[in-house]
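Single-letter residue listing:
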Amino acid sequence: MPRKTLLVAMDPATPDRQAIRRAAESLRRGGLVAFPTETVYGLGADALNPEAVRTIFVAKGRPLDNPIIVHVAGPQDLAVLTADVPPEATLLMKRFWPGPLTLIFKRSAGVPDAVTGGGDTVAVRMPRNAIALALVRALGRPIAAPSANLSGRPSPTTAGHVLADLGGRIDIILDGGPVEVGLESTVLDLSQHPPVILRPGAVTAADLKPFIGRVAAAAEPALRRRSPGTRYRHYSPRARVTLVAGGDQEAAARLATSHAGKGRKVALLTHGPCPLQGSADLIVRAMPRDLKAYARRMFAVMRELDELGVDEMIIEGVAERGLGVAVMDRLRRAASR
Ligand code: TXA
Ligand code: MG
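Residues numbered from 1 in each chain as written. Chains lettered and ligands numbered in written order. Predicted model: local features only at pLDDT ≥ 70, side-chain atom pairs only at ≥ 80, totals over all residues. Heavy atoms only, no water.

(A) Main features of the site of ligand 1. Thr-39, Asn-66, His-71, Ser-185 and Arg-199 are the nearest of the 24 residues found near ligand 1. Measuring from an oxygen atom of ligand 1, one finds a side-chain N or O atom of Ser-185 at 2.6 Å. Burial of ligand 1 by the protein chains amounts to 98% of its free accessible area of 680 Å². The set of elements that each furnish at least two residues to the shell around ligand 1 consists of β6 (121-125) and β10 (196-199). Looking at the shell around ligand 1, the element that brings in the most residues is β6, giving four residues. Class assignment of the residues belonging to the shell around ligand 1 gives a composition of 10 nonpolar, nine polar and five charged. (Near = heavy atom within 4 Å. Polar contact = N/O pair within 3.5 Å; in protein donor to acceptor, adjacent residues only side chain to side chain. Areas by Shrake-Rupley, 256 points an atom, 1.4 Å probe, with all protein chains shown as cover. Helix = DSSP H or I, 4+ residues; strand = E, 2+ residues; numbered from the N terminus. Nonpolar A, V, L, I, M, F, W, Y, C, P; charged D, E, K, R; others polar.)

Right under this line is the structure:
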């Protein structure tokens, strides 16, 4: 059913109390509220209201078996979600919360199946954004929130992206400006030994190691079982994406020129010296060399190029170290068909 979507701008440093109260009221009535987190914008519903959580799937066009991350205002909120907090989780929460680290726990019976995808675990994180935290506190219950994009589209890093995808489908968008990180949180499964990173993010394997020892990156088949979200084509622009090796701007340029010559509208995204000039059918985008800046821009650039009607994106890969692991993960997904 179409809804009237209210867009409310606020300063993320000092969230407007009255607007937060109204948004929490909407959630309490089963409404859908999009809000900024430090990673990407989330589409929130009361996590303990199964009806409300089900409407998230409808609004996004999300497959029903894909579980949703629950957002809390601190470890104290875990009590309604899980009875089993392992000692390593306590250490990790102390070090990385609030922040872009999602932890998987054994679920309690009170967590709706809609949140867990019917599985026996629940994913939880405490976001590092004052608007998100104020909203969870005002509701007084955890908020279930996937990224606030239509299923299959790149995650939203501005309120404008949310409006473009979900306008008319949700009740409120809290606009706190562009996000800080630009990539979704690291998802860590502590129920396996060694613990497994189901989705790489800004908290890296090297960051986690001092706290939990060896960390594994999930091999594809295991990943598919444990994290249903990774089964679907994800983080994808409409254009076809080809990923070329980092540092080889020449190869990237050759590929771009050959596609553009075939009457396709092409975009070339490099982060090194680019040997090409743009033209009517070739858009050249210089991406930031700094990985943090790259991550922050990546999804927005994909959306911009889609809007320009680009058919092909040729993207130069980045070095797979630190945040580069997460960047490459998203680029590979965008390139997969
Ligand atoms: O940064 C983020 O994590 C953002 C913001 C809004 O917090 N949220 C986000 O949610 O990216 P979503 O739904 O787009 O991605 C959640 C990922 C999916 O791949 C999903 O399958 C996985 O986490 N996930 C959720 N619950 C899980 C569970 N219980 N077990 C395994 N994987 C789970
Ligand atoms: Mg998502």
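On we go from here.
(B) Layout of the sheet that holds strand β13 (residues 266-270). Strand order in the open sheet formed by four strands is β12-β15-β13-β14, and the pairing between neighbours is parallel. In this open sheet, the two strands that pair with only one neighbour each are β12 (240-244) and β14 (282-286). Going from strand to strand, the sheet's axes swing by 15° on average, the running direction of each strand aside. In this structure, β13 lies alongside strand β15 (residues 312-316), joined through four bridges in parallel fashion. Looking at the pairing, Val-266 lines up with Glu-312 of β15. Along the sheet face, helix α10 (residues 291-307) touches β13, β14 and β15 and points at about 165° away from the line of β15. Sheet strands in contact with helix α11 (residues 323-335) are β12 and β15, and its direction is about 135° off that of β12. (Pairing = 2+ DSSP bridges. Axes fitted to C-alpha atoms, helices over the stretch in contact; angles between N-to-C directions. Contact = heavy atoms within 4.5 Å.)

(C) Seen up close, the environment of Lys-4. Mapped onto the elements, Lys-4 comes out in the segment before β1 (6-9). Sequence-wise, Lys-4 and Ala-47 are 43 residues apart; in three dimensions their C-alpha atoms are separated by 22 Å.

(D) Seen up close, the side chain of His-161. Relative to the helices and strands, His-161 is located in helix α6 (residues 159-166). Apart from the residues lying within four places of it in its own chain, the contact partners of His-161 are Pro-156, Ala-300 and Arg-303.

(E) Structural view of unusual backbone geometry. In the segment running from Trp-97 into Pro-98, the intervening peptide bond is cis, with an omega of -5°. Positionally, Pro-98 belongs in the loop between α3 (87-96) and β5 (101-106).

(F) Quick peek at the pattern of salt bridges. A full pass over the atoms with the stated rule returns 18 salt bridges. Here Arg-128 ties to Glu-180 by a salt bridge, and the two come within 2.7 Å at their closest N and O atoms. Note that Arg-128 is positioned in the loop between β6 and α5 (130-139) and Glu-180 in the loop between β8 (172-175) and β9 (186-189), a separation of 52 residues in sequence. Here Arg-128 falls in the partly exposed class, since its relative accessible area comes to 36%. With relative accessibility at 41%, the residue Glu-180 sits in the partly exposed group. (Salt bridge = Lys/Arg side-chain N within 4 Å of Asp/Glu carboxyl O. Buried < 20%, exposed > 50% of the residue type's maximum accessible area, 1.4 Å probe, protein only.)

(G) How the structure looks around the sheet that holds strand β11 (residues 216-217). Strand order in the open sheet formed by 11 strands is β1-β8-β2-β3-β7-β4-β6-β5-β9-β10-β11, and the pairing between neighbours is mixed. Only two strands of the sheet have a single partner each, and these edge strands are β1 and β11. Bridging between strand β4 (residues 70-71) and β6 involves two bridges; their strand directions are parallel. Following the sheet pairing, His-71 is matched in β6 by Arg-125. Running at roughly 155° to β5, α3 makes contact with β5 and β9 of the sheet. Contacting β2 (33-36), β3 (41-46), β4, β7 (143-144) and β8, α5 crosses the sheet at an angle of about 140° to β2.

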